[in-house]
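Listed below, chain by chain, are the residues.
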Amino acid sequence: MFITIAVNLAPWTGRYIVDELDFFVAATGIYFLLINKTRHKNTRHFYIASGVVALCLLTSFDSSWINAFGPTYSNFYVSPLNGLVIFKGLLWALLLSWFFYQQKADEPEKALKHLLLAAMLGGFVMFVVIMWEKQVLDTLFSSADIYTKVNTFFNLSSAYRTTGIISGMHTGGESIDGMYLFLLPLTLGACFLLKQPVYRFAAIASVVGVMYGVLMGFTRATYAASFIAMAVLSGMFFINLFKRQLNNKSTSATAAFPWGRAVALTVAYSLLFYSVYRLHGYSGYFAELSAAVVYAVSVLCGVSRAPLLGLRAVALVVAFISFAYINVDSLQNSQWVDVNNVAMQEVYLAICGALTAFVLLFLARKPTENKPDFVRLSIETLVVLLLSVLIAAAFSGARITIRAETTDRDLDMRLSHWQGIVDSGRWSTSDILFGHGLGAMPTDYALSGAGKLDKIGTFAVDKQNQSLVIIPGSDLMLSQRLRLDNDGAYLFEITYQAQEDVRVAVALCRRNMIIFEFWAGGCGNTLRQNLPASPQGESRSYLMGLTATPDSVFSLPAALTLKATVGKVPLIVESVSLVDASGNELLNNPSFETGSDFWFFYYDFEHLVWHVKNIYLSFAYQFGVVGTLLIVALILTGFIAFYQSKQLFSLPAAIFSAFLAGQFAFGLFGDPTDSARTSMWFYFMLFGALTPLVTTRKTDA
C-alpha cells in the first residue's frame, strides 16, 4: 500500500504500462509463497472474482500486450495498451486477495489488524505527499514567521486539485479520489478496532490525514461520498454495539443504553459544531482553536471528582469568558471581515450556542473515581478541533463555493459526455453481453470525433524515422525530469519539421500536480515562440535560453516542459537538447531512439476525453451484462457470507459496506477503477478481502 501511494517512477522513466507497481506485487507474491506453506481452499468469492478476471482477459486481450515491457510509441490512452493498464489492476487484486485470504484463514484477527495498520500508514503517506505538493513542508522548515506557517497549512483556497504521485499521467483526479475512499473506511475502522491509546491516536490522525486530502480535492462528489462512507460505518458499528447491549440479559434494555445521555450528547455536539462554524465566519480559525481548549476544560471538569464543584465551576466560567473574549477580539482585529457590516447579535448568539453546548457536555459526563484518561481526552479534543476545521473548510471555503456555482454547467457537461460515450459504442449483441473491453472507451470516443484530439493535442513516436510527432493542442504537455541548479542558465535547442508556423511554450518547471496554480508558479522564464515553417523535407533548429527557479529540500521535482499550443499541422520533433553552462547534455533519449522513454505527458484539464466519469456506465461499457452480473454477484455473496456467519453488523461488514457506499456514491460522477493503482485496491475489497471464510468445500487445516 505504501508503494502504491508513495512511489511512481513513470515521470522519470516514461514507462507507463509495466512499472514498479508490477514488480512490487510480483515480489510480494514470491515472498508469500516462500514463507507460507499452508494452503486453504478458496472461497466462493474467489471463484466469482476469477470469472471476472477471465472475462476481462478474453474480451480485452490484444497482441500488442506482448510488447508491454518495451518502449511505448504512442499515446497509450488511444491504444489497446490502455486495456492492459486497467487489466493488471484486476489481476493484481485477485492475487493479493488470495494471499490475504490465506493469511486470514490462519490468523483472522491479526490479518485484519495488519490491513488496518497498512491503511493507516497509507493515510499518513498521503498526508505527507499533500503537504509536500502544497509546499507546506517547504514553508514549515523555512525561516518564515509562525503566522505564515499556520496560514500555509490551513490555506484551502489556493489549490484546485492535489493529485499525488499516485496518478500517473492524468487521471482526472479520480485515481486519488478512489484511494481516499478506499483508505477512509479502513482507517476509521481502525479507530473502532484498536484499543491501545497510541494506536487509536494514530488511527484518528490517519483519518484526519485522509480527510485533509479529501478537502484539498475540492470535489463535491468525493465530499458527499466520504461522509456517506463514514455514516454507514459509524451507524453499523453502533447498531452492533446496541444489539450487544440489548442481548446482555443481566440488565434491562433501558439500563443497557442510556438514552438521555445519548440525546444530550447528540444535541451538544450538533450545537457545538454549528456554533463554531458560524463563529468561523467572524473570527476565522481562532473560533476552532478556542473551542477546542474550552471543550477540553469542560470535559475534564465533568469527569473529575476533584477539585470541588465550586472550583470546577470557576474554571468553567473563566474558560467561557476567555472563549467569548477571544472570538470578539479576533473579529475586531480581523483583516478579512469588516466589523461595521457585522450584526453583533449574531456573533453573541453563536457564542451563546457554543457555551450552551459546553454546559451540556459538562453535565453529560459522568465523574469517575479513577484519574481522568488524559490520552482519550487529548484524542477527543483533537477530533473536535479537526472536525470543526474540516466543516468550516468544506462549507465556507472559497474554492468549494466556486465549485458549487458551476453545478448546473458541470452536470450538463457530464450528461453530454455520457451520451457521447453511448453513441461511440458499437452495441452489437456481443458488446451488450460481454462489453467493449477494458480501456476501450478513450479509443472509441476519439474515433467518434467526440474526443477532439486535434483540439486538445496528442502525440506519437515515429519508430522508423526516430522522431516525435505532436498534434498541437490546448492541453497536451510533454516533459522530462531533470536535476537543475538554483537560478541556473540553460540553452535549449529543438530540431524540427513543420509545414506551417507552430507556436510552442518551453520552460523549466517544478511540478507534480494537475494544478496550474502551482506548476506555473514553479516555472522559470516560460518562452512562448513561433517556430517558423521549415522547407519541404528539410529540418530547422531553434535556440532558446532558459532559467530555473530556486531549489530547496522540499521542492517539487524539476522538469523541462514542452507544449505545442497553436498550429494546424503536426510538429515533427527530430531531437531536443538542453545543456548547462558547462555544455553538459541533461536530457535522456533526446532523439527518441527508444520511443517515449524518459518522456512524460500531461493532460491537465481535458479529462473527459479519457474517462467514463460514471462507474455504472463504465461497468456496462467495459464488462457488458455478464460482467456486470458477476460484479453484482460478488457484492451479494459478500453480504450472504456475513449473514451466514452471523457477522452482518461486525466491523469487517461495516467497513465493507462503507467502502461500497462511498465508492458507488462517488461513482455517480466518477470512475475510480480506470487506474491500475486504484483499481487494484478497489477490486481487492470487492474480491472478498474482508468477507468471512465461507468456502465451497471444507477448509484444510
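For every chain, the first residue of the written sequence is number 1, and numbering continues from 1 onward in sequence order. Thresholds applied to this predicted model are a pLDDT of at least 70 for local features of residues and 80 or more for the giving and counting of side-chain atom pairs; totals over whole chains, interfaces and linings are not thresholded and use all residues. Think of the side-chain values as coming from all heavy atoms in the structure, minus any hydrogens and water.

S.K.: Sorry, what's going on with helix 10 (residues 197-217) here?
M.R.: Because an α-helix completes one turn every 3.6 residues, residues spaced three or four positions apart along the sequence face the same direction. The terminal C-alpha atoms of helix 10 lie 31 Å apart, and with 21 residues this matches the ideal 30 Å at 1.5 Å per residue to within 8%. Across the 21 residues that make up helix 10, a large majority, 15, are buried. Just past helix 10, the residue F218 takes up positive phi, approximately 50 degrees. Each helix is a run of DSSP H or I of at least 4 residues and each strand a run of E of at least 2, with the numbering of both proceeding from the N terminus. Helices are assigned an expected span. That span is 1.5 Å times one less than the residue count. Each residue is assigned to one of three classes by its accessible area relative to the maximum for its type, calculated with a 1.4 Å probe on protein chains only: buried under 20%, partly exposed between the two thresholds, exposed over 50%.

S.K.: Which parts of the structure should I look at to understand the pattern of salt bridges?
M.R.: When their charged atoms lie close together, side chains carrying opposite charge are able to pair. Here a salt bridge means any side-chain nitrogen of Lys or Arg lying within 4 Å of a carboxyl oxygen belonging to Asp or Glu. Enumeration over the complete set of coordinates arrives at ten salt bridges. The partner of K88 in a salt bridge is D19, with the nearest N and O atoms 3.6 Å apart. Placement of the pair is K88 in helix 5 (residues 81-106) and D19 in the loop between helix 2 (10-13) and helix 3 (20-35), with a sequence separation of 69 residues. Considered together, K88 and D19 belong to a single accessibility category, that of buried residues. Of the charged contacts, one joins K613 and E174 as a salt bridge, the two residues approaching to 2.8 Å between their closest N and O atoms. Here K613, found in the loop between strand 10 (600-603) and helix 24 (615-644), pairs with E174, found in helix 9 (residues 174-193); they are 439 residues apart in sequence, far enough to count as distant. Residues K613 and E174 agree in their burial class; the two are buried. Connected through shared salt-bridge partners, D19, E20, D22, K88 and R677 make up one network.

S.K.: Any chance you could explain the nonpolar core here in plain terms?
M.R.: Grouped burial of nonpolar side chains is what soluble globular proteins tend to show. Here the nonpolar core consists of buried residues drawn from Ala, Val, Leu, Ile, Met, Phe, Trp, Tyr and Cys, with membership extended through side-chain atoms lying within 4.5 Å. Ranked by size, the top nonpolar core spans 150 residues in total, and within it L571 and Y683 carry the most contacts. Counting residues per element, this core draws most heavily on helix 5, at 13 residues. In this analysis, two residues are considered to be in contact whenever any of their non-hydrogen atoms come within 4.5 Å of each other. In contact with Y683, not counting residues within four places along its chain, are L90, A93, F619, F623, I631 and T673. Listed in part, the 33 residues of the second largest apolar core include L265, F323, A354 and A357.

S.K.: What is the right way to look at the sheet that holds strand 9 (residues 571-579) in this model?
M.R.: Strand pairs in the sheet, formed through backbone hydrogen bonds, run parallel or antiparallel to each other. When DSSP finds two or more bridges between two strands, those strands count as paired. Pairing within the open sheet is antiparallel, and its five strands lie in the order 1-2-9-4-7. A strand with exactly one partner marks an edge of an open sheet, and here the two such strands are strand 1 (458-462) and strand 7 (540-547). Sheet twist, expressed as the mean angle between neighbouring strand axes with direction ignored, is 30 degrees. When strand 4 (residues 489-497) meets strand 9, the two strands line up antiparallel, connected through seven bridges. Opposite Q497, over in strand 9, you have I572 as the bridge partner. Inter-axis angles, ranging from 0 to 180 degrees, are taken between N-to-C directions of lines fitted to C-alpha atoms, where helices are fitted over the stretch in contact.

S.K.: For this particular structure, what's the right way to read the environment of R540?
M.R.: Summarising the element assignment, R540 is placed in strand 7. It is 9.6 Å that separates the C-alpha atoms of R540 and E574, two residues lying 34 residues apart in sequence. Excluding residues that lie within four positions of it along the chain, R540 makes contacts with I494, T495, Y496, P532, A533, S534 and P535. There is a polar contact of 3.0 Å between the side chain of R540 and the backbone oxygen of A533. Polar contacts, as counted here, are pairs of nitrogen or oxygen atoms within 3.5 Å of one another; within protein the pair requires one atom able to donate a hydrogen and one able to accept it, and residues that are adjacent in sequence qualify only if both atoms are side-chain atoms.

S.K.: Explain the confidence of the model for the chain here, please?
M.R.: Close reading of the predicted structure is inappropriate where its pLDDT is low. For every residue, the predictor states its confidence as a pLDDT score lying anywhere from 0 to 100. Summary statistics for the chain give a mean pLDDT of 85 and a share of 89% for residues scoring 70 or more. At the low end of the mean pLDDT range in the chain sits helix 12 (residues 253-256), at 48; at the high end sits helix 20 (residues 429-434), at 96. Within the model, pLDDT remains below 50 along residues 697-701, and this stretch shows nine contacts once partners closer than five positions in the same chain are excluded.

S.K.: What am I meant to see in the sheet that holds strand 6 (residues 527-531) here?
M.R.: Judged by pairing direction, the sheet is antiparallel, and its five strands sit side by side in the order 6-5-8-3-10 without closing on themselves. With one partner strand each, in any of the chains shown, strand 6 and strand 10 form the two edges of the open sheet. Going across the sheet, the axis of each strand differs from the next one's by a mean of 25 degrees, ignoring polarity.

S.K.: Would you take a moment to explain the packing of helix 24 against helix 26 (residues 676-686) for this structure?
M.R.: Helix-helix packing is characterised by the crossing angle of the two axes and by the distance between the axes. Where helix 24 contacts helix 26, the two axes come as close as 12 Å, and the packing angle between them is 25 degrees. Considered as vectors, helix 24 and helix 26 are oriented roughly parallel to each other. Where helix 24 abuts helix 26, its residues I615, F619, F623, I631, L634 and I635 lie against F682, Y683 and L686. Amino acid classes used here: Ala, Val, Leu, Ile, Met, Phe, Trp, Tyr, Cys and Pro are nonpolar; Asp, Glu, Lys and Arg are charged; the rest, including Gly, are polar. For the contact of helix 24 with helix 26, the residue count by class is nine nonpolar, no polar and no charged. Just so you know how the angles are binned, under 35 degrees is roughly parallel, over 145 roughly antiparallel, 65 to 115 roughly perpendicular, and the rest oblique.

S.K.: Help me understand unusual backbone geometry in this model?
M.R.: Negative phi is the rule for most residues except glycine; trans is the rule for most peptide bonds. Although it is not a glycine, K613 sits at a positive phi angle of roughly 65 degrees. Assessed through its relative accessible area of 3%, K613 is described here as buried. Positive phi is not limited to glycine here, since K646 has a value of about 55 degrees. As for its position among the elements, K646 is in the loop between helix 24 and helix 25 (651-666).

S.K.: Mind showing me how you'd approach a nonpolar patch on the surface here?
M.R.: Nonpolar side chains (Val, Leu, Ile, Met, Phe, Trp, Tyr) are joined into patches within 5 Å and like charges within 9 Å, using only residues with over 30% relative accessible area and no salt bridge. Each accessible area value is a Shrake-Rupley result obtained with a 1.4 Å probe; residue values ignore everything except the protein chains displayed when judging cover. Taken together, the side chains of I432, L433, F434, V625, V626 and L629 define a hydrophobic patch exposed on the protein surface, amounting to about 460 Å² of accessible area. Those elements that provide at least two residues to the nonpolar patch are helix 20 and helix 24. The residue F434 is located in helix 20 in this model.

S.K.: Can you walk me through helix 4 (residues 44-60) in this structure?
M.R.: With 17 residues, helix 4 should reach 24 Å at 1.5 Å per residue; the first-to-last C-alpha distance of 25 Å fits that figure. Against helix 5, helix 20, helix 24 and helix 26 lie the buried residues of helix 4.

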